[in-house]
Amino acid sequence: MQLVNYVRGTHNLTRKNLLVQTLRRHAAGHQEADISWLPETFQLDQPGELEQVKERLNREADSLYIVKPVGRNKGNGIQVHSRQELKLLMEADRVPHDFIVQHYIPNPLLLDGFKFDMRMYILLATVKPFVAYWFPRGYLRLSLVKYSSALTSNRQAHLTNVAVQRQDANFKEKAEDSIWSFAQLQAYLTEKKLADPGFVDGALRDQMRQCCRTLVQAVSPSCDKKIGCFQLMGVDLLLCTEMKLHLLEVNRNPDLSVHTKVLGRVIPPVLEEIVEIVMEVHAKQMEGQPLFPIRAASKAELLWSADNTDAPSTTPQGIS
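Here the structure is a predicted model, which is why all the values come from computation and not from measurement.

Novice: Before we go on, may I ask you to explain the overall build of the chain in this structure?
Specialist: Per the secondary structure count, the chain includes 10 helices and 11 strands. Relative to a compact globule of 320 residues, whose C-alpha radius of gyration would be 20 Å, the chain shows 20 Å and is just as compact. Principal axes of the C-alpha set define a box for the chain whose edges measure 60 × 45 × 35 Å. In the chain, which comprises 320 residues, the share counted as buried stands at 53%.

The structure is reproduced here in C-alpha cells:
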C-alpha cells in the first residue's frame, strides 16, 4: 500500500479561519479545553464578526492589529496596522473578506530588542487509529530588524518567517543570528533574570505540549481516517513578556531547509525519526500487529492517541 504525506481534513488547522472555527468548536464541546493561547480573532467572511471588529475600531483606544489572508503562508499578504490605519482601510472596503483580523500581541518577549517565534513539529503518524507525536526540540526564528510597535510598515520587524527575513540584503551573513536553539533561549532568560533556569524544559515545555495536544484533539474528528496517510505540520508560537504562549499559525508544508548550524542539529534527526515512525506504524498495520510500543519514537513524544488503551505513557523530554 502507498504511503501518503497528507491527511484529508487537516486544512481545518492550516487555514487560518478554519483553525479558529475548529478550536472554538472543540472548546465549546470540551469544558476542560484551554485555548487561551488563541489570539482574539475576527473572521471577516462572517457578518457578525465583521461588525464586531468595526465596532471595536470605533470605540477602543489605539492598539495594533494584524491582518492575515486565510490560506497563504511564508508571511505572504500579512500586514500590521494601527487602529486608525485599519479603521480607514475597512471604511474604504480595502480589506478582503477572506482575511482574518487579530489583536496584535502588544508585549512580545524580545531577545536583545528582536522579535522571535518558536517552531515546533507535529506528526500525525496514522489516523486509523489517530496517533499524534510532537518533537519537543524545535527552534527559534528571530527577526533581523529591531522591533518597534511604531514601524507597522516594516514587515521584517514584525514577521519572523524565514521567507520574510531572507529579504534582508545581508541575510547570508546574518543567517546564524536568525535561528536560535532552546538552549540559547534558556541561557538568555537566565542571564537577563527573566525566568528560572528550568523554565524552558519545565513551564514552557508544558505550555507547548498542551497547545499541540489540543490542536490534534480538535482536528481529529474532521480527519479522513484512512490507513497509509500521515502528515507533518509546523506549529508557530509566540512568547510574551508574561511568559505565556500565543498561537500564530499551523503550517501544512513546514520549511525543512537547513541553512544554519542550529537547523542542522534539529531538522535531519526529526526527518529521520519521522520516516522510521511512519514505516514502523505502516508495517504493523499491514501485518495486523499492535501499534504500541512504537520503538522508532525516541526524540518524538506521544501527544495523543484516540484509541489509547495500548498507548504507553510518555516520559517527558527537555526541549533545550
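Now that the structure has been shown, the text picks up again.
Novice: Just to check I follow, could you spell out empty space enclosed by the protein for this structure?
Specialist: Summary: where empty space remains is shown by rolling a probe the size of a single water molecule over the atoms. What the rule picks out here adds up to 3 cavities of 30 Å³ or more. Quantified by volume, the largest cavity comes out at close to 250 Å³. Lining the largest cavity we find 21 residues, and of these Ile 66, Lys 68, Lys 115, Leu 159 and Leu 248 sit closest to its centre. Breaking the lining of the largest cavity down by element, the ones donating at least two residues are β2 (64-69), β4 (99-103), β6 (114-127), β9 (231-239) and β10 (245-251). The element that contributes the greatest number of residues to the lining of the largest cavity is β10, accounting for 3 residues. Here the lining of the largest cavity is composed, by residue class, of 9 nonpolar, 6 polar and 6 charged.

Novice: I tried to follow the sheet that holds β2 on my own but got confused; where do I start?
Specialist: The strand order across the open sheet built from 4 strands is β1-β4-β2-β3, with neighbouring strands paired in antiparallel fashion. Each edge of the sheet is formed by a strand with only one pairing partner; in this case those strands are β1 (41-43) and β3 (79-82). Pairs of neighbouring strands in the sheet enclose a mean axial angle of 25°, with direction left out of account. Both β1 and β4 contribute to a ladder of 3 bridges, which runs antiparallel. Its bridge partner lying in β4, Gln 43 is registered against Ile 100. Lying on the sheet, helix α4 (residues 83-91) is in contact with β2, β3 and β4; it crosses β3 at an angle near 105°.

Novice: What is the right way to read the pairing of β10 from this model?
Specialist: Within a regular beta strand, the side chains point alternately toward one face of the sheet and then the other, so they alternate between its two faces. For β10, a buried count of 6 out of 7 residues is recorded, marking the element as mostly surrounded by other parts of the structure. The pairing of β9 with β10 spans 6 bridges and is classified as antiparallel. If you follow Leu 237 over to β10, its bridge partner there is Leu 247. Counted between consecutive antiparallel strands, the loop separating β9 from β10 contains 5 residues, among which Met 243 sits at a positive phi close to 60°.

Novice: Would you mind showing me how to read the side chain of His 26 here?
Specialist: Turning to its location among the elements, His 26 is positioned in helix α2 (residues 16-29). Exposure remark for His 26: the relative accessible area of 8% places this residue in the buried category. If near-sequence neighbours (up to four positions away) are discounted, His 26 is found in contact with Ala 33, Thr 214, Gln 217 and Ala 218.

Novice: What is the right way to look at the state of the cysteines in this model?
Specialist: Defined simply, a disulfide is a covalent bond joining two cysteines at their sulfur atoms. Per the counting criterion, the structure on display carries 0 disulfides. Take Cys 240: it sits in no disulfide, and the sulfur closest to it among the cysteines is that of Cys 211, at 13 Å.

Novice: Can you walk me through the nonpolar core in this structure?
Specialist: A general trend in soluble globular proteins is that nonpolar side chains are found buried together. With 50 residues, the main nonpolar core has Met 118, Ile 122, Phe 182, Leu 204, Met 208, Leu 215 and Leu 247 as its most contacted residues. Considering every element that reaches this core, the biggest residue donor is helix α9 (residues 200-219), with 9 residues. Not counting the four nearest positions on each side in its chain, Leu 247 is found in contact with Leu 19, Leu 23, Trp 37, Pro 39, Cys 211, Leu 215, Val 235, Asp 236 and Leu 237. The next biggest cluster of nonpolar side chains, apart from the first, holds 29 residues, and it includes Tyr 133, Ile 267, Ile 277 and Phe 292.

Novice: Is there a simple way to think about the packing of α2 against α9 in this case?
Specialist: A pair of packed helices is characterised by two quantities: the angle between their axes and the separation of those axes. Closest axis-to-axis distance for the α2/α9 pair is 9 Å, and the angle between their directions is 90°. For the element pair α2 / α9, the angle class is roughly perpendicular. Along the contact surface, α2 presents Leu 19, Thr 22, Leu 23 and His 26, while α9 presents Thr 214, Leu 215, Gln 217, Ala 218 and Val 219. Residue composition of the contact of α2 with α9, grouped by class: 5 nonpolar, 4 polar and no charged.

Criteria and thresholds
- Residues numbered from 1 in each chain as written.
- Predicted model: local features only at pLDDT ≥ 70, side-chain atom pairs only at ≥ 80, totals over all residues.
- Heavy atoms only, no water.
- Helix = DSSP H or I, 4+ residues; strand = E, 2+ residues; numbered from the N terminus.
- Rg over C-alpha atoms; globule rule 2.2 N^0.38 Å.
- Buried < 20%, exposed > 50% of the residue type's maximum accessible area, 1.4 Å probe, protein only.
- 1 Å grid on protein atoms, 1.4 Å probe; cavity = no way out; pocket = protein on both sides within 12 Å on 5 of 7 lines; lining within 4 Å.
- Points joined across faces, edges and corners; volume = space filled by probe spheres on them.
- Nonpolar A, V, L, I, M, F, W, Y, C, P; charged D, E, K, R; others polar.
- Pairing = 2+ DSSP bridges.
- Axes fitted to C-alpha atoms, helices over the stretch in contact; angles between N-to-C directions.
- Contact = heavy atoms within 4.5 Å.
- Disulfide = S-S within 2.5 Å.
- Core = buried A, V, L, I, M, F, W, Y, C linked by side-chain atoms within 4.5 Å.
- Parallel < 35°, antiparallel > 145°, perpendicular 65-115°, else oblique.

So, to be careful, I would describe these as geometric facts and stop short of saying anything about function.
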